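A structural walkthrough
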Amino acid sequence: LKVAYVLEGSIQSDQRNVRISAQLIRVSDGFHVWSKTYDRAFDEFLRVQSEVGDNIAQMTLAELLADIRRQHPELFDEFRGINPKAVRYYLDSEEQYDLYLRGEGGDVRHSMRLMEMAARVDPQFIAAQEQLAWNYTYRVDPSLTIEEASAGAHRAIERSLAVNPDSPDALFFLAQIFIQLDLDYASAEDTIKRGLELMPNGRWWPVFLANIAFREGRDDEAMRLLRMAYTFDFTSEKAVFLSLYAWNLLNTGENERALAVSDEILPLVDGGEPRTEALLIRTSALIALQRMDEARSVIDEAWLLGGTHKPEAFAAAYVALGETEKAETILSRARMAPRNRGFFAAGYVALGKYDKFFDTVRAGILDHD
């Protein structure tokens, strides 16, 4: 057939369980680019067919692209003319981060170091500079102070803009720096306005504007922007957007809608942090709707998947489900860091530990968390 890749699969079943296996194979050398086994209950088989099929399609697309980029970097505009050593560091960095997200190992700090090396080997490597800025903005290395993170992010984006002053992608990352690190919403809005002129159909611009609106207390406007963004095609980033959208639906009391959106997310994410987050969204929505038995079943799956990775995210839900002692143990053992204080704060409120709550919020405010 003259194809470069083949997707193979098999199904085994008994009276209780179904096991679906899939593997993506590179034809030129028979290398298994990706493989996964899905174990599901037999009585859910009709639903499972759709869910697993959607996930295999999503994962295959991502793994196919990653392998083609590694095998044939010369086919991609962002790699043309770039030092091959820098490209290898960049691809190794992305691989580490993807493994981390899927719960299959991976080291995010190592991923950031690899991206730093890619940017250092070839300062003209725009994609590396922009991804490095993202690492600083979301403080992948939690040991960085807010000042260090902001300075590093701005340096990386300035290098990118020096190569291409009209890069919508660079403006995309610059807007996030202003919002997340600098709390400079006026500069963020100016950056987004310029980005809209260069890329009017950019999917994330209204999401950034919604983020600013929420921070300034304009909740109705923020939700209007998110509902508009919901109509866009986020392709490979769909699960990321839907998770953000669902959390905000929960925060504004639209629990039934948040539950429905969690149904859209789950087929797209079969493991790691993305699925854990989707299950926690579902748990929170079910608790808000007083469907406690269903919530217990969902949180059990979530805990098995991600309880050791981000336990603090479970504390408030466990209090609501009557497992106060477990919530207290979680918060006493978990490590507080930038970008996870909100989970600690929610847990402390649920437990009625208001002094710890206010201390956590105060530290978060000072750290732009």
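Everything numeric in this text was worked out from a predicted model, so none of it was measured.

1. A word on a nonpolar patch on the surface
- On the surface, a cluster of nonpolar side chains totalling about 400 Å² of accessible area is made up of Leu1, Val3, Val6 and Val27.
- With respect to the helices, strands and loops of the structure, leucine 1 is situated in the segment before strand S1 (5-13).

2. Examining the confidence of the model for the chain
- Summing up the model confidence of the chain, the mean pLDDT is 92 and the portion of residues at 70 or higher is 99%.
- Of all secondary-structure elements in the chain, the lowest mean pLDDT belongs to helix H1 (residues 45-71), at 83, while helix H14 (residues 315-320) reaches the highest, 97.

3. Remarks on the packing of helix H12 (residues 272-288) against helix H13 (residues 292-306)
- At their nearest, the axes of H12 and H13 sit 9 Å apart, and the two run at 160 degrees to each other. Judged by the angle between their axes, H12 and H13 are roughly antiparallel. At the point where H12 passes H13, the crossing takes the left-handed sense. Residue-level inspection shows Gly272, Arg275, Thr276, Leu279, Arg282, Thr283, Leu286 and Ile287 of H12 in contact with H13, the latter providing Met292, Glu294, Ala295, Val298, Ile299, Glu301, Ala302, Leu305 and Gly306.
- Split into classes, the residues belonging to the contact of H12 with H13 amount to 9 nonpolar, 4 polar and 4 charged.

4. Quick look at the side chain of glutamate 273
- With respect to the secondary-structure elements, glutamate 273 resides in helix H12.
- At a separation of 3.2 Å, a polar atom in the side chain of glutamate 273 contacts the side chain of tyrosine 100.
- Aside from chain neighbours lying at most four places away, what touches glutamate 273 is Tyr100, Leu101, His309 and Lys310.

5. Quick word on H12
- Between its first and last C-alpha atoms H12 spans 25 Å; for 17 residues at 1.5 Å apiece the expected length is 24 Å, and the two agree.
- Counting buried residues along H12, 13 of its 17 residues qualify, which places the element largely inside the surrounding structure.

6. So, the packing of helix H2 (residues 84-101) against helix H3 (residues 108-121)
- H3 packs onto H2 with a crossing angle of 165 degrees between their chain directions and a minimal axis gap of 8 Å. By the criterion of interaxial angle, the relationship of H2 to H3 is roughly antiparallel. Crossing handedness for the pair H2 and H3: left-handed. Facing H2, whose interface residues are Lys85, Ala86, Tyr89, Tyr90, Asp92, Ser93, Gln96, Tyr97 and Tyr100, H3 presents Val108, His110, Ser111, Leu114, Met115, Met117, Ala118 and Val121.
- Of the residues contributing to the contact of H2 with H3, the split by class is 11 nonpolar, 4 polar and 2 charged.

7. A closer look at the pairing of S1
- As judged from the 9 bridges shared by S1 and strand S2 (residues 17-26), these two strands associate in the antiparallel manner. Residue leucine 7 lies in a different strand from S2, and its bridge partner there is leucine 24.
- Connecting S1 to the next strand, S2, in antiparallel fashion are 3 residues.

Parameters at a glance
Residues numbered from 1 in each chain as written. Predicted model: local features only at pLDDT ≥ 70, side-chain atom pairs only at ≥ 80, totals over all residues. Heavy atoms only, no water. Patch = residues over 30% accessible without salt bridge, like charges linked within 9 Å, V, L, I, M, F, W, Y side chains within 5 Å. Areas by Shrake-Rupley, 256 points an atom, 1.4 Å probe, with all protein chains shown as cover. Salt bridge = Lys/Arg side-chain N within 4 Å of Asp/Glu carboxyl O. Helix = DSSP H or I, 4+ residues; strand = E, 2+ residues; numbered from the N terminus. pLDDT = per-residue confidence, 0-100. Axes fitted to C-alpha atoms, helices over the stretch in contact; angles between N-to-C directions. Parallel < 35°, antiparallel > 145°, perpendicular 65-115°, else oblique. Left-handed = near helix turned anticlockwise from the far one by under 90°. Contact = heavy atoms within 4.5 Å. Nonpolar A, V, L, I, M, F, W, Y, C, P; charged D, E, K, R; others polar. Polar contact = N/O pair within 3.5 Å; in protein donor to acceptor, adjacent residues only side chain to side chain. Expected span 1.5 Å × (residues − 1). Buried < 20%, exposed > 50% of the residue type's maximum accessible area, 1.4 Å probe, protein only. Pairing = 2+ DSSP bridges.

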